[in-house]
Amino acid sequence: TGLTAAVEAAECGISTHLVEILPRLGGRVRSLASYFPKLCPPSCGLELLERRLRRLPGATLHLSTRLVGYAFDGCRHELVLQSLDQTDSTLPSAFRTIRCDAVIVATGWRPYALTHLAERGACHPLCLSGFQLERLLVQDGPTHGIPLRPDTGSVPQRMAFVQCAGSRDVNHLSHCSAVCCSATLKHCRILLERLPDLHIDVYYMDLRTPGRLFRLRDALAGYERAGRLRFLPARPFQAVP
């Protein structure tokens, strides 16, 4: 989000500073197996965006840099940046102050920890979070893109996705993430393509796929007709051995 905003602003002729605490661009998206809407490796889109940014004369990139100070004088924002590449952070060269007219804060996101849903069986050894599954689907990941059962090391024959876990729940989160349904549909497509003997059940409260992402469901119609994929309106309460 931050990279896209910086590129679009710089291409409009606005002097732009992009501040990233990591030594590389891409954030959590870089670690995904694929991303929307084309389901191609994230490196494809990230490389194009980074190339666009680096060729723009009005764009300045600050990698390994964090925001350590902020002030607003009623007209302009003042940001104090600290370079994390400096071996001695007390040196004046480790800090830089920039003044700007607007600030875009791209906060990123964090997966909802399975430990928060322990009473529903989410900490069962065979349960994975969506992001854990995503890492297993990466082609150059620990299992070369094929998720294996942690207990037997074998290829799974059946899988279940539990949607809305902790979502719109008075004991957990009041909101919908707006991306979980699309991520599950993406995961189903990848899994069913790679594992010809796999059957998947998706338990859901409602399926929300905004904009073009509704086409992800259409791409799975053949698997539904073949009985390899079922969408079941339900909210499982507990996972048991």
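One can find the structure itself at the top, above this paragraph.
How each quantity is defined
Residues numbered from 1 in each chain as written. Predicted model: local features only at pLDDT ≥ 70, side-chain atom pairs only at ≥ 80, totals over all residues. Heavy atoms only, no water. Phe/Tyr/Trp six-rings, centres within 6.5 Å; stacked < 30°, edge-to-face > 60°. Lys NZ or Arg CZ within 6 Å of the ring centre and 35° of its normal. Pairing = 2+ DSSP bridges. Helix = DSSP H or I, 4+ residues; strand = E, 2+ residues; numbered from the N terminus. Axes fitted to C-alpha atoms, helices over the stretch in contact; angles between N-to-C directions. Core = buried A, V, L, I, M, F, W, Y, C linked by side-chain atoms within 4.5 Å. Buried < 20%, exposed > 50% of the residue type's maximum accessible area, 1.4 Å probe, protein only.

**Q** I tried to follow the packing of aromatic side chains on my own but got confused; where do I start?
**A** When we look at a pair of aromatic rings, we describe it by the centre distance and by the angle of the planes. Applying the stated criterion across every chain, the model contains zero aromatic pairs. Between arginine 28 and the ring centre of phenylalanine 131, over which it is positioned, the NZ or CZ distance is 5.1 Å. The lysine or arginine in question, arginine 217, covers the ring of phenylalanine 231, its NZ or CZ lying 3.9 Å from the ring centre.

**Q** It is not clear to me how the sheet that holds strand β7 (residues 199–204) should be interpreted in this structure. Could you clarify?
**A** Sheets are built from strands that pair by backbone hydrogen bonding, the pairs being arranged parallel or antiparallel. Spatially, three strands are ordered β6-β7-β8 in an open sheet, and the strand pairing comes out parallel. Edge positions in the open sheet fall to β6 (158–162) and β8 (229–233), since each of these has one partner strand only. Across this sheet, the average inter-strand angle for adjacent strands is 15°, counted without regard to direction. Bridge analysis of β7 against β8 gives five bridges, and the strand direction is parallel. Paired with aspartate 201 across the strands is arginine 230, a residue of β8.

**Q** Mind showing me how you'd approach the nonpolar core here?
**A** The nonpolar side chains of soluble globular proteins are, as a tendency, buried together. If you look at the biggest cluster of nonpolar residues, it comprises 23 residues, and the most contacted ones within it are Leu191, Ile200, Leu220 and Leu229. Among the elements of the structure, β6, α4 (180–194), β7 and β8 are those that each provide at least two residues to this core. For this core, the element with the highest residue contribution is α4, accounting for five residues.

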